[in-house]
Amino acid sequence: MGSNMEGNWDMLQQAAAEKPIVTKGTGTYKRTFPLDHITGKVLIRGAASDNEVLLEQSSGKYTGIKLMRGLWEEPTGHSSGTFFPVAAPAGVGVLWGSAGHCLMPASVQQKWRCGYGTDVLPSSLSTRPVPRAIVDLGWLTAGRNISELAEHIPSQPSQRIGEAEVLPDFGFMVTKAPEGGPMQLFIPSARKLVDGDAVCVLGFAHRLTAEWAKRFLRTEADYEQAADEAELLGHQLPSPADWRLDENIALRRALDLEDDVCYPSRLVVSPGLVAGASQRIIEHTCSTFPGMSGGPGVDVQTPWQLMFVHTRADADFRRNNYGYSVHHPLFVNAYEREVLPRLLATSSDLLSKEMMRCLHGYLDAHKDQLADQGVLHQVEKRC
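All of the points below concern the structure found in this document. Please read these numbers as outputs of a predicted model, since none were measured by experiment.

Bringing unusual backbone geometry into the picture now. Despite not being glycine, Ser-265 has its phi angle at roughly 65 degrees, a positive value. When you line up the elements, Ser-265 lands in the loop between α5 (247-257) and β12 (267-277). Owing to a relative accessible area of 24%, Ser-265 belongs among the partly exposed residues under this scheme.

Now the structure itself:
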């Protein structure tokens, strides 16, 4: 198993006998890259693809991101999700964005603590449960027809993303500001992603468990082999959706991924491409692992520009992953009402002119949806 920081995925062909080839669309699990715990720069050397070259060239632009948070369970060290700062009004605290399912009551009980920084170590974990308030987004869906909220896969419009998942999977919480210096805020971009665009997902992953590996490290070839064996033995094989990989094989594959492709308890950058895009959903090929739900999907070269919120992986033989676009009508509504007032109360030290111009462009692109178009003028004065 490779253990150097940049990983050995570019040596996959030579080491094929030692590394699992995990199907994901037409490719494999891609490398993820940790951020240096001191400088915050992306630790990438020997870029093996055009996307990784872009990331390598932009490594220094990620330094301000090192204060992102993850929620961690004690004493197991499991993460319930990734959180990224979207506003920091003076004297109030920090407003964090994430996936909605990371903000369910079970994930914010007293047993959970907030960690921040590029390493989730005792020194970067709060010494006690961090007081936090979940922003209530119930008003978003009040009075709406639930069937109108169903989300569909861009590359397969006839299929929904999860049978029961019909509500937007994004949300916000407020906590005290973490120590460690100024943080990088994330600003939504007016740019609309298209197939083939280079993007990254940022997030914290926890240790890969056997249950996760049995489900997510399956390949179509594994299922075909199991089907052949079952036929010889006269056994009934479960459907592909219900079939799981042998636990021993799954664990070996999971161990091969750790500290080479996946870096548990580290803040990582996972590069990939857009595989499908709609106004609501972004389908992407960035490799993601447990704990990375809620991580921001960003432009590779401008990592503070928010494009989507990563929410889930496709367990059907690991095709693509999904996130909610910042152009989702309900995201626009939530951003105007819950984020924008706090952002406009944030110190200019955290908001460059470039960031304010980006924000103005985003709001202008959605001005027909804004409840108060006067906010455009407020933002323009700070550009």
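Taking 1.5 Å per residue as the helical rise, helix α6 (residues 329-344) with its 16 residues ought to reach 22 Å, and the 21 Å between its terminal C-alpha atoms agrees with that figure. Largest kink in α6: about 40 degrees, centred on Tyr-335.

On to the packing of aromatic side chains, then. Counted by the stated rule, this structure contains nine aromatic pairs. Here Phe-170 and Tyr-324 contribute two aromatic rings whose centre-to-centre distance is 6.2 Å and whose plane-to-plane angle is 70 degrees, an arrangement assigned as edge-to-face. Taken together, the residues Phe-170 in the loop between β8 (156-160) and β9 (171-175) and Tyr-324 in strand β16 (residues 321-325) connect sequence positions 154 residues apart. In this pair, the class of Phe-170 matches that of Tyr-324, namely buried.

What follows concerns the pattern of salt bridges. Tallied over the entire structure, the rule returns ten salt bridges. Here Arg-31 ties to Glu-52 by a salt bridge, and the two come within 2.4 Å at their closest N and O atoms. Of this pair, Arg-31 sits in the segment before β1 (33-34) while Glu-52 is found in helix α1 (residues 50-57), placing the two residues 21 residues apart along the sequence. Judged by its relative accessible area of 1%, Arg-31 falls in the buried class.

Mapped onto the elements of the fold, Ser-59 is located in the loop between α1 and β2 (69-73). For Ser-59, a relative accessible area of 10% corresponds to the buried category. Contacts of Ser-59, omitting those with residues within four sequence positions, involve Lys-41 and Val-42.

All told, the structure shown has zero disulfides when counted by the stated rule. Its sulfur unpaired, Cys-358 is 9.9 Å from the next cysteine sulfur, which belongs to Cys-383. Cys-358 sits in the buried class, given a relative accessible area of 10%.

Helix α7 (residues 353-365) packs onto α6 with a crossing angle of 145 degrees between their chain directions and a minimal axis gap of 12 Å. The way α6 lies across α7 gives a crossing that is left-handed. Contacts between α6 and α7 involve Phe-331, Val-332, Tyr-335, Leu-340 and Leu-343 on the former and, on the latter, Leu-359, Tyr-362 and Leu-363. Split into classes, the residues belonging to the contact of α6 with α7 amount to eight nonpolar, no polar and no charged.

So, on to the side chain of Asp-299. Structurally, the position occupied by Asp-299 is in strand β14 (residues 296-299). Asp-299 sits in the buried class, given a relative accessible area of 12%. Engagement of the side chain of Asp-299 in a polar contact is seen with the side chain of Arg-191, the distance being 2.5 Å. A polar side-chain atom of Asp-299 sits 3.0 Å from the main-chain amide nitrogen of Gln-301. Not counting residues up to four positions away in its chain, the partners in contact with Asp-299 are Tyr-62, Arg-191, Gln-305 and Met-307.

Of all five residues in β9, five are buried; the element is thus mostly enclosed. Residue alternation in β9 divides its side chains into two sets, Gly-171, Met-173 and Thr-175 and Phe-172 and Val-174, and both sets are buried. Two strands pair when backbone bridges link them, and strand β4 (residues 94-98) and β9 are joined in this way by five bridges, in the antiparallel orientation. Residue pairing in the sheet places Gly-97 in a bridge with Phe-172 of β9. Strand direction decides the pairing type here: strand β6 (residues 132-134) and β9, joined by three bridges, are antiparallel. Along β9, the bridge assignment pairs Ala-133 with Val-174.

Criteria and thresholds
- Residues numbered from 1 in each chain as written.
- Predicted model: local features only at pLDDT ≥ 70, side-chain atom pairs only at ≥ 80, totals over all residues.
- Heavy atoms only, no water.
- Helix = DSSP H or I, 4+ residues; strand = E, 2+ residues; numbered from the N terminus.
- Buried < 20%, exposed > 50% of the residue type's maximum accessible area, 1.4 Å probe, protein only.
- Expected span 1.5 Å × (residues − 1).
- Bend = angle between axes of the 7 residues up to and from the residue.
- Phe/Tyr/Trp six-rings, centres within 6.5 Å; stacked < 30°, edge-to-face > 60°.
- Salt bridge = Lys/Arg side-chain N within 4 Å of Asp/Glu carboxyl O.
- Contact = heavy atoms within 4.5 Å.
- Disulfide = S-S within 2.5 Å.
- Axes fitted to C-alpha atoms, helices over the stretch in contact; angles between N-to-C directions.
- Left-handed = near helix turned anticlockwise from the far one by under 90°.
- Nonpolar A, V, L, I, M, F, W, Y, C, P; charged D, E, K, R; others polar.
- Polar contact = N/O pair within 3.5 Å; in protein donor to acceptor, adjacent residues only side chain to side chain.
- Pairing = 2+ DSSP bridges.

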